[in-house]
Amino acid sequence: MDSKRISIPSSQTAGTASQPLQQNMYLLAIKLRLLRQNCQSFLRQLCRHPSALLGALVIILYLLAAVFAPYIIPQDPFIGQLGNRLLPPSWAEGGQPEYLLGCDELGRDLLSRIIYGARVSIGVGFLSVMVSMAIGVTAGLAAGYFRGWFDEVFSRFADLLLAFPYLIFALGVMMVTGPGFWNLIMALSFKGWVEFFRLTRGETLSEKTKEYVEAAKASGQGDLTIMLSEILPNIVHSVIVLGTLRMGYMIIMEASLSFLGLGVGTRIPAWGSMIANGRQFMLNAWWISTLPGLALLILVLSINLLGEGLRDILDPRLKID
Amino acid sequence: MKLARILERILVSIPIMLGIAIIVFLFMRLTPGADPVDLMMGEAGHVSEQEMEALRQEFHLDKPIHIQLYHFLSGCLRGDLGTSYIKRKPVTTLILECLPATIELALGALFIALLISVPIGIISAVKQYSFIDRASMTAAFFGISMPPFWLGIILIIVFSASLGLFPSHGRLPFTVGLETITGFYVLDSILTRNWAALASTLQHLFLPSLALGAATAATVARMIRSSMLEVLRQDYIVLARAKGLTEYRVIVKHALRNALIPTVTIVALQLGVFLGGNMIVETVFGWPGLGRLVVDAIQRRDFPLVQGAVIIYAFTFVMANLLADIIYTFVNPKIEL
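What you see is a predicted model, and the numbers here were worked out from it, not measured in a lab.

Novice: Sorry, what's going on with helix H3 (residues 50-67) of chain A here?
Specialist: Because the α-helix completes a turn every 3.6 residues, residues three or four places apart line up on one side. Residue and element names in this part refer to chain A. Taking 1.5 Å of rise per residue, 18 residues should cover 26 Å, and H3 covers 26 Å from first to last C-alpha, within 8% of that figure. When H3 is considered as a whole, its buried residues turn out to be Ala52, Gly55, Ala56, Val58, Ile59, Tyr62 and Ala66. Taken down its axis, H3 places every buried residue within 165° of arc, on the same side. What points out from H3, more than 90 degrees from its buried face, is the exposed set Pro50, Leu54 and Leu61.

Novice: Quick question: what am I supposed to make of the environment of serine 160 of chain B here?
Specialist: Residue and element names in this part refer to chain B. Among the secondary structure elements, serine 160 is positioned in helix H7 (residues 148-162). Exposure remark for serine 160: the relative accessible area of 16% places this residue in the buried category. On a C-alpha basis, the gap between serine 160 and leucine 207 in space is 8.9 Å, while along the polypeptide they are 47 residues apart. Those residues in contact with serine 160 that sit more than four places away from it in its chain are Leu155, Phe166, Pro167, Ser168 and Leu207. Within the structure, the side chain of serine 160 is placed 2.9 Å from the backbone oxygen of phenylalanine 166, a separation counted as a polar contact.

Novice: Is there a simple way to explain the environment of glycine 143 of chain B in this structure?
Specialist: All names here are of chain B. Among the structural elements, glycine 143 can be located in helix H6 (residues 131-145). The exposure class assigned to glycine 143 is buried, which follows from its relative accessible area of 12%. Between the C-alpha atoms of glycine 143 and arginine 233, which are 90 residues apart in sequence, the distance is 27 Å. Setting aside residues up to four positions removed in sequence, glycine 143 forms contacts with Ala215 and Ala218.

Novice: Can you walk me through the interface of chain B and chain A in this structure?
Specialist: In this complex, chain B contributes 46 residues to the contact, which on the side of chain A involves 38 residues. For the chain B and chain A pair, buried surface summed over both sides reaches about 3800 Å², with 82% attributable to carbon and sulfur atoms. Broken down residue by residue, the surface that chain B buries against chain A is led by Phe141, Phe149 and Trp150 of chain B, which jointly contribute 16%. Applying the counting criterion to the chain B and chain A interface returns 1 salt bridge. The residue glutamate 308 of chain A makes a salt bridge to arginine 222 of chain B at a minimum N-O spacing of 2.4 Å. Summed over the shared surface of chain B and chain A, the result is 6 residue pairs in polar contact (both at pLDDT 80 or more). When contributions to the side of chain B that touches chain A are tallied by element, the ones reaching two or more residues are helix H1 (2-29), H6, H7, helix H9 (195-232), helix H11 (247-285), helix H12 (290-299) and helix H13 (303-331) of chain B. Among the elements that make up the side of chain B that touches chain A, the one with the highest residue count is H7 of chain B (8 residues).

Novice: Would you mind showing me how to read a positive patch on the surface here?
Specialist: On the surface, Lys243, Arg249, Lys253 and Arg257 of chain B cluster together to form a positively charged patch. Of note, lysine 243 of chain B is situated in the loop between helix H10 (235-242) and H11.

Novice: For this particular structure, what's the right way to read the nonpolar core?
Specialist: For soluble globular proteins, the rule of thumb is that nonpolar side chains tend to be buried together. By size, the foremost hydrophobic cluster in this structure holds 142 residues, and its most contacted members are Trp271 of chain A together with Phe149 of chain B. Here this core takes 15 residues from helix H10 (residues 223-259) of chain A, the largest share from any one element. Lining this core are residues from two domains, each supplying at least three of them: domain 1 (33-80) and domain 2 (100-331) of chain B. Discounting residues that sit within four places of it in the chain, phenylalanine 149 of chain B has contacts with Ile252, Ala255, Ser256, Phe259, Ile275 and Leu296 of chain A together with Ile280 and Val284 of chain B. Within the second largest apolar cluster, 16 residues are counted, among which are Val250, Ala255, Leu256 and Ala259 of chain B.

Thresholds applied
Residues numbered from 1 in each chain as written. Chains lettered and ligands numbered in written order. Predicted model: local features only at pLDDT ≥ 70, side-chain atom pairs only at ≥ 80, totals over all residues. Heavy atoms only, no water. Helix = DSSP H or I, 4+ residues; strand = E, 2+ residues; numbered from the N terminus. Expected span 1.5 Å × (residues − 1). Buried < 20%, exposed > 50% of the residue type's maximum accessible area, 1.4 Å probe, protein only. Arc of directions from axis to C-beta. Contact = heavy atoms within 4.5 Å. Polar contact = N/O pair within 3.5 Å; in protein donor to acceptor, adjacent residues only side chain to side chain. Buried area = accessible area lost by both parts, 1.4 Å probe. Salt bridge = Lys/Arg side-chain N within 4 Å of Asp/Glu carboxyl O. Patch = residues over 30% accessible without salt bridge, like charges linked within 9 Å, V, L, I, M, F, W, Y side chains within 5 Å. Areas by Shrake-Rupley, 256 points an atom, 1.4 Å probe, with all protein chains shown as cover. Lys, Arg positive; Asp, Glu negative; His and termini not counted. Charge placed at Lys NZ, Arg CZ, Asp CG, Glu CD. Core = buried A, V, L, I, M, F, W, Y, C linked by side-chain atoms within 4.5 Å. Domains from an automatic or database assignment.

Written as structure tokens, this is what we have:
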């Protein structure tokens, strides 16, 4: 897997006016080929890692269900029939085959609501990791590369944010902003970028001293080019691994906030609020709370399986044993 | 030199705490719709303009923000975190009332987490790739992926509703009387020799502790396993075996002592996890602790109470990190600066 670390100093590809265009195209072709080889070798390794592959397949299933939710749901997830109130799952006594997982306290089909809930969980989990990653990696690259006051300010601010337990901090932000999809993403990213910042900063500090960066500097490349096309490609695998592992955590955080009534709001089905609503019917209708939780558990488990698999493949230094 | 290092760590945490207080203050004060007087009056009904103005003066709200910050910080130092709008009591009193319940739950969770994780971690490392290792590491993987509130609900459905083994709500039923001295029910029942209350308290404590401690048990078991595996590869373990020591002595005296060094730090840091998780677990199990107080305050937009509790949470978290550092300095013989 060392092939992926090969990077061609882009000073050669950058080209000056005197260099023929042909040479640039040639180097671009080599880069693309290397990228393709890296991808192929990555996919081969993923296929040889059964748990990561399983995780990836389950995540794809969830993703498809979330994207095509309006087309695959068997019943209306928003409007229930009170006659179906607390209807048990189809395999239990008194269940009906058209309501596979039963109904909730307002007679709404549980399966359809769980499928819709995947949209919130995956959407919030993915977007909050993306926002955190974008902020953290940009700030981390700049802080590690330039050091100075910028590094000082961001590092101290990151230390401060780390002093707050995650859930408390997110709850505080949600209390101020109120429920909502984008507010949730903001609340989770507000502190989420810190981990990406610290990782990127540390890696940039160590990459900066390596020869290929010296070479790029000597060839007269600008700081921005060095950061983006020399250092970033060499640390991006660690960032991807962290991002995957953080996504499971963000999804649990989203569900926790929804559980406490500070999620996307009451009108949109989210797993956390479904679990909270089912709590009062725990004794006579166990399915309302447990099944959305099971959907959540399987998703987070799959993300963690994929994340640990990616770590084994992309970043073996961090492997646990 | 160890002392100097510890002193340095303590000094470093002072500006962090100051920063926390400032961030929390600015956050709460700059929030739209969080004007304390408006919120208080919303509860009290019709009040005249003069009374509003008097209240504003009383809370220093008529002064510029840096003066307000000064009053807030000096209040924090005196242990005065303001007054709750809704409960009409000092925030410090409310928090102190709830703290024993929360600490008792955290200690219970820590106890259960260590009880599960230490033996599992050791056995998994010693018998690597055995059935026990694979089964317990799979369980640990579930443990770290499981949302704590869902685990709590499953525990209630199985152990409380179906099997009737443990109660699902609160710390003690009304039928059992207990004279409170410290607020820690386990301690109080032992001090007053009230064995019925002790049994009931422990029963009430079990399920929430398990729900809160499960994720920690999983993390720590994985940690102990990996550091044990690391240690077992070292030369001095080979030497200990070559000397003819029994396997028990090799593992417990030589390997475990060294493997526990990184673990101790992780365990101290888990206090922060308990602080985050306790809001959820206390809500699920109706546990009258700090977590439930905060959740309630957030839902009712009781800003001073939230502000005070967030500061207490963050301070405790910083203290836990400090403690982890200090313990690490003492248990790790390599740190001799």
